[in-house]
Amino acid sequence: MLSKKIFDYTKEGRTVTCYRITNKTGASVEVLDYGGIIRSVLVPDREGKMTDVVIGFDRLSPYIKNRDAYYGAFVGRFANRIAGARFSIDGVDYEVEKNNGENHLHGGNGSFSERIGKVTDESDNSVTLTWESPDMDQGYPGALTVSVRYEFDDKNNLTLKYTGTADKRTLFSPTNHSYFNMNGPSRGFIGDNEIKIHANKFVPVDGDCIPTGSFATVKGALDMRRWTLLSDVFKKEDSDVNLQAGSGIDHSFAIKGYTGDGDIVRAAELYGANTGIRMSVCTNLPGIQVYSGNFIKDGLKGKLGQIYGRRSAICFETQYHPDSPNRSAFQSPVIEPGEKAVYTTVYSFDTPPKAVVLDGYTTNSGDISWEPLYKVCRAVIYDRTTPKDILKRVKGADAIITNKAVLTADIIKELDEKCRYVGLLSTGANAVDIEALREKGIALTNVPGYSTEDVAQLTFAFILELCQKVALHDDAVKRGEWTGSDDFSFTVSPITELAGTTLGIIGYGAIGSRVCEIARAFHMKVLVHSRSEKILPEGARFVTKNELLKKSDIITLHLPLSEETQHLIDADAISMMKDGAILINTARGPLLDEQAVADALNSGKLGGAGVDVLDKEPPSAGDPLLSAKNCLITPHIAWAAQAARIRLIEAVAKNLTAFFAGRKLNRLD
Ligand code: GAL
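So, here is what we can say about the structure in this document. (Residues numbered from 1 in each chain as written. Predicted model: local features only at pLDDT ≥ 70, side-chain atom pairs only at ≥ 80, totals over all residues. Heavy atoms only, no water.)

The next thing to look at is the pairing of strand E8 (residues 86-89). Burial of E8 is one-sided: the residues Phe 87 and Ile 89 facing one way are buried, the residues Arg 86 and Ser 88 facing the other way are not. Strand direction decides the pairing type here: E8 and strand E9 (residues 92-95), joined by four bridges, are antiparallel. Among the inter-strand pairings, Ile 89 is bridged to a residue of E9, identified as Val 92. Here E8 hands over to E9 after two residues, with Asp 90 in that stretch at a positive phi of 50°. (Buried < 20%, exposed > 50% of the residue type's maximum accessible area, 1.4 Å probe, protein only. Helix = DSSP H or I, 4+ residues; strand = E, 2+ residues; numbered from the N terminus. Pairing = 2+ DSSP bridges.)

Written out as structure tokens, the structure is:
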């Protein structure tokens, strides 16, 4: 619902109107037509209590008096600084106002942040303000029409859409200068908010906040790629050169996901533990100026009698980088005549659960995105966690996500009450003590099926290598054996034809049955053994384990590890197998008695083996399979195709969403 009321009057007697958009949940956003100021953002905390998360005032005068702080305002034409207050476009030099020492800041005094915009569109959940800026307004070339559409939807997304069209080539890089505090600004200090900035690079600046060069890799206090308590950042002030240059955080970050194609990607997040409110800032602009309110005046009287001061709140100003008009290393803020430039920034508010990922590195070393998880929770991601650090790291978390970091019964006993959920970043569940979780009533989920194709593919990569011996022949050719040969063809080791060979599949879940399909495509005969009898395709037969061991030329394992299946393939099982049989294990290491398998390989009883998993991972140097004959070993990579890992993260996020929505999905508890 959109409502409006008179907010105040300018000294010239013009009316300043306040537009309020209230959504279905009762959350609301107030926008003034003066300066396009966002006066309030009231969103529910974790108990549903509405909390105002921005700084603002009850009257117009404090906005005017403190105009150099740009409280809540729409700023432009060019947000942040232009060095020396000059730039040139197409060889023509332009001078703009020096309103920040020798430099130009936020479009100059008296720009959009101090002008009344005209309402050009209204809807139930939006209002659009438009400003006409004549040619050479504030020294900028070209007549520019600029509008900002403020939309607030029922999911508490506040979307700001900036549209600009000019009749000459000109600069266009506006922003909004709201000061946020997720614990409610009345608390006075932003230090108790946690921040996360999705950027590997930032723009280093001098003491006047002017870029000193190009981008630099985030480090020290400015490395906020993981959730960081702001007071911990400020603590580094005495030693961190970047914080000193900016008098705190006052830097532009290069948004990691920026594509330049208009995609809206996550730039930063802010979280208040007292309210549970998280704000996510997403944009299609390349940069975000994060400014920790270093110049807010102490003792400033705000809305509803609140008193603000230095660092009461923090700004997230999405924009082109500071001084980009003069720096070719940065994306250009120049728009073409007649072009309709559209920039979008979304501030989303929610109260997500906190999830700690204990060992995220193997799933995502940085080549893919955790975004699906960030959408549903406040994910704190560790590359790896040693057993002694687990309890410390999961403290206060609602959910734990693990791949191979082991949650023993002892650890589970010590988990705090808040933790209701464990999500596996895997199909197999042997990293957790399920009984201990059940006893505490903690939910457990896994991700079945995400790597079915990949495990089946690796199974056949092993089978093909062991039967066709591509690498072995390639080696021989590269060693010069072909060039020095008398014949047009030669082999270094016998080649086995798969058609007609018997494949024994132990375990017939999704992976086992996919392996069966591929085997049938190769015209192999298939024998299957699993816990319960299954309907099999033509050419495949269900048999006892012993029959399978006796009759198969190649045996492949696709079953979970449990007490019963540990050492499924031991000396006894091997003795039943055909001489020269091949063994494949892409399931779990302890399914094999490794010493027995190594002995059989070395004696020639087994013709070859392909294993992707070992007893201990990473293995110790003395692992008997490492030195066994004809044994191909890969470092647990069956699941590691990028497509599979992307599916995995999506599935983990879905499991978590389902759990917190009270639905059961992939539950093992
Ligand atoms: C920020 C700027 C700060 C300060 C502030 C307004 O965008 O980076 O240095 O000028 O605006 O007080």
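This part covers the packing of helix H8 (residues 452-468) against helix H10 (residues 510-521). In the contact formed by H8 and H10, the axes pass within 9 Å of each other and the chain directions differ by 50°. Accordingly, the angle class assigned to the pair H8 and H10 is oblique. Judged by the sense of rotation from one axis to the other, the crossing of H8 with H10 is right-handed. Between H8 and H10, the residues in contact are Thr 452, Glu 453, Val 455, Ala 456, Thr 459 and Phe 460 and Ala 510, Ile 511, Arg 514, Val 515, Ile 518 and Ala 519, respectively. Of the residues belonging to the contact of H8 with H10, the class tally is eight nonpolar, two polar and two charged. (Axes fitted to C-alpha atoms, helices over the stretch in contact; angles between N-to-C directions. Parallel < 35°, antiparallel > 145°, perpendicular 65-115°, else oblique. Left-handed = near helix turned anticlockwise from the far one by under 90°. Contact = heavy atoms within 4.5 Å. Nonpolar A, V, L, I, M, F, W, Y, C, P; charged D, E, K, R; others polar.)

We now examine the packing of aromatic side chains. The description of an aromatic ring pair rests on the distance of the ring centres and on the angle between the ring planes. Under the counting rule described, the total for this entry stands at 25 aromatic pairs. On the numbers, 5.0 Å between centres and 90° between planes, the contact of Phe 57 with Tyr 63 is edge-to-face. You'll find Phe 57 and Tyr 63 in the same group, each marked buried. Consider the rings of Phe 202 and Phe 253, whose centres lie 6.3 Å apart with planes at 40°: the pair is tilted. Separated by 51 residues along the polypeptide, Phe 202 in strand E19 (residues 199-202) and Phe 253 in strand E22 (residues 250-255) bring together distant segments of the chain. Grouping residues by exposure puts Phe 202 and Phe 253 together as buried. Among the aromatic side chains, those forming a connected cluster through ring pairs are Phe 7, Phe 57, Tyr 63, Tyr 71, Tyr 179, Tyr 291, Phe 295 and Tyr 308. Sitting over the ring of Trp 227, Arg 378 keeps its end group 4.7 Å from the ring centre. One residue, Arg 384, lies across the ring of Tyr 361, its end atom 4.6 Å from the ring centre. (Phe/Tyr/Trp six-rings, centres within 6.5 Å; stacked < 30°, edge-to-face > 60°. Lys NZ or Arg CZ within 6 Å of the ring centre and 35° of its normal.)

Near the ligand there are 14 residues, and of these Arg 81, His 106, His 177, Asp 250 and Glu 317 occur at the shortest range. Between Asn 80 and the ligand, the recorded distance is 3.0 Å, taken from a side-chain N or O atom to an oxygen atom. One of the side-chain N or O atoms of Gln 289 is found 3.3 Å from an oxygen atom in the ligand. Within the complex, 97% of the 310 Å² of free accessible area of the ligand lies under protein. Its residues placed into classes, the shell around the ligand shows six nonpolar, four polar and four charged. (Near = heavy atom within 4 Å. Polar contact = N/O pair within 3.5 Å; in protein donor to acceptor, adjacent residues only side chain to side chain. Areas by Shrake-Rupley, 256 points an atom, 1.4 Å probe, with all protein chains shown as cover.)

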